[in-house]
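Coordinate inspection notes
Chain by chain, the residues run as shown.
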Amino acid sequence: MAQFTFTNNTYAGEALAGFMASTLLEADSVKRGLLTVINDVKSRKVILDVDDDVVFQNPSGIFADQGTTTTQTESYLDPVVYEFMKQEQWDKLAQSWEAQSLKPGAFMDYEGTVDLSDFMVQRYLTKIQIANERLYWLGKGATKEATFTADFNGLLPTISAASGVYKVGLGKPATSMAATAINASGVVTVSSTVTLTDGDVVTITAVTGSSKDTTNGGSGIDVQGQSYFVQVLSATTFKLVRNYNEINTRKPATFSGSSSAATVSYINASNVLDVLTGVYAQLDPADRSQEDFNLQIPFHVGYAYAQAQANKAVNVLNAFTDSKKMDYLGVPLQLMNHWQANTILGARSSNLFLGVDLLGDTSELSTVYMKPYTNDNVVRMKARMKAAVNFKFANELFYLSA
């Protein structure tokens, strides 16, 4: 039976009013209108499009069809159903300093305090929304909360694998370097760290060896494809400090095994202006000119851009104190909280689809105290969601990644 557990429960002094928890980033892609939301997706929804060319012909008194074929294509939203379920027996509250908030009566030990109950419900709801955000964009494979069996690829992996998408890599000298070793402590050896600074985020690919990330226990996951905050140690070494996917938990990265070679890719203050210049030049003018077109970038790229703006503002008053506008030559830059590192997506929101049964499902948590029904002194919480993501026009998407 799930029960609250307590550590450092000293009963020292008075209990502070309210409760605290670690900071979480907001899940807000839908609020910012970066996706087109389609409600009432109970089963497969078909997204249709139809198009044809226009041909100017010679004048003719007899009607002559231009001879082109009108094409209709379709793509799909196939919803995946998944749930959150949690059961809690709260009688251990009577063994903590929270006992002073319990109502009189021995049975009240199971019901918990109202403040704590409300706090936990809101905490679960926030985490559900953030997990959904990661699921929509990154897919099940990069969302540790997703343990259901159905496939859910996510928008970025789907776009990355699609043919027709304009794709760009970070394999150039200004945005990548060769590593000659990764040891079991996560220390990476390269020819020079002069373009790196503490706090930069690097993506590790082309790994030769047995390096595993054991941050979440077990035998670990391959370092291949993972991204990390770094700390520069010397002129030729830096340490992988924290997995970028652990931004909400702040777990320090741990490793096992070692590797003899890898590619290190990064976007930071030293190269972000060149990266955005290259991106801007390659955007389709027809897409770039649309009102709902955005360049979506991870938080660390946004910070690098702000730093680069300040560095370039020579002799400008308050260059390092004023907030920086997040656009590039008039194209909005959307900072994505739960995103793939060193990745930039150029897309119209009308070309990215999120299908849900009801958008409010992510904020609906059913809570039931079971004693009146089964005589079990437990509280059960449950949420149920359906979701599907897809895009329509691959040739109207720009995708940069490591």
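Rules of the game
Residues numbered from 1 in each chain as written. Predicted model: local features only at pLDDT ≥ 70, side-chain atom pairs only at ≥ 80, totals over all residues. Heavy atoms only, no water. Pairing = 2+ DSSP bridges. Helix = DSSP H or I, 4+ residues; strand = E, 2+ residues; numbered from the N terminus. Contact = heavy atoms within 4.5 Å. Axes fitted to C-alpha atoms, helices over the stretch in contact; angles between N-to-C directions. Phe/Tyr/Trp six-rings, centres within 6.5 Å; stacked < 30°, edge-to-face > 60°. Buried < 20%, exposed > 50% of the residue type's maximum accessible area, 1.4 Å probe, protein only. Lys NZ or Arg CZ within 6 Å of the ring centre and 35° of its normal. Arc of directions from axis to C-beta. Core = buried A, V, L, I, M, F, W, Y, C linked by side-chain atoms within 4.5 Å.

An unreviewed UniProt entry lists the chain under the name P22 coat protein Gp5, from Mucilaginibacter antarcticus.

**Section: the sheet that holds strand β17 (residues 331-336)**
The six strands are arranged β5-β22-β18-β15-β17-β16 in an open sheet whose pairing can be described as mixed. Both outer strands of the open sheet, β5 (166-168) and β16 (327-328), are each paired with one neighbouring strand and no more. By the bridge criterion, four bridges tie strand β15 (residues 293-298) to strand β18 (residues 344-348) in an arrangement that is antiparallel. Counterpart to L295 in the pairing with β18 is G346. Sitting on the sheet, helix α5 (residues 299-312) touches β15, β16 and β17, and the angle it makes with β15 is about 95°.

**Some points on the packing of aromatic side chains**
This model, assessed by the stated rule, comprises nine aromatic pairs. Between F299 and Y303 the ring centres are 5.5 Å apart and the planes differ by 70°, which places this aromatic pair in the edge-to-face class. Taken as a pair, F299 and Y303 lie in helix α5 at a separation of four residues, close to a single helical turn. When its relative accessible area of 18% is taken as the criterion, F299 is described as buried. Through a chain of ring-to-ring contacts, three or more aromatic side chains come together here, namely Y280, Y305 and Y328. Sitting over the ring of Y280, R288 keeps its end group 4.4 Å from the ring centre.

**As for the sheet that holds strand β7 (residues 187-190)**
Pairing is antiparallel in the closed barrel, where six strands are placed in the order β6-β7-β12-β11-β8-β14. Each neighbouring strand pair of the sheet contributes to a mean axis angle of 45°, computed without reference to strand direction. Here strand β8 (residues 201-209) runs beside strand β11 (residues 227-232); their pairing, made up of three bridges, is antiparallel. If you follow T203 over to β11, its bridge partner there is S227.

**Structural notes on helix α3 (residues 272-282)**
Among the residues making up α3, those that are buried are V272, V275, L276 and V279. Relative to the axis of α3, the buried residues are bounded by an arc of 95° and lie together on one face. Of the residues in α3, the exposed ones pointing more than 90 degrees away from the buried face are D274 and A281.

**Brief notes about the nonpolar core**
Counting 40 residues, the largest nonpolar core has W137, L345, L352 and L365 as its most contacted members. Listed by contribution, the elements that provide at least two residues to this core are β4 (80-88), α1 (114-138), α2 (155-161), β18, β19 (352-356) and β21 (379-391). With ten residues, α1 is the single largest residue contributor to this core. Setting aside residues up to four positions removed in sequence, L352 forms contacts with L34, L35, T36, W137, L155, I159, Q296, L345, A347, N390, F391 and L397. One finds F229, V272, Y328 and A341 within the second-largest nonpolar core, a separate group that totals 28 residues.

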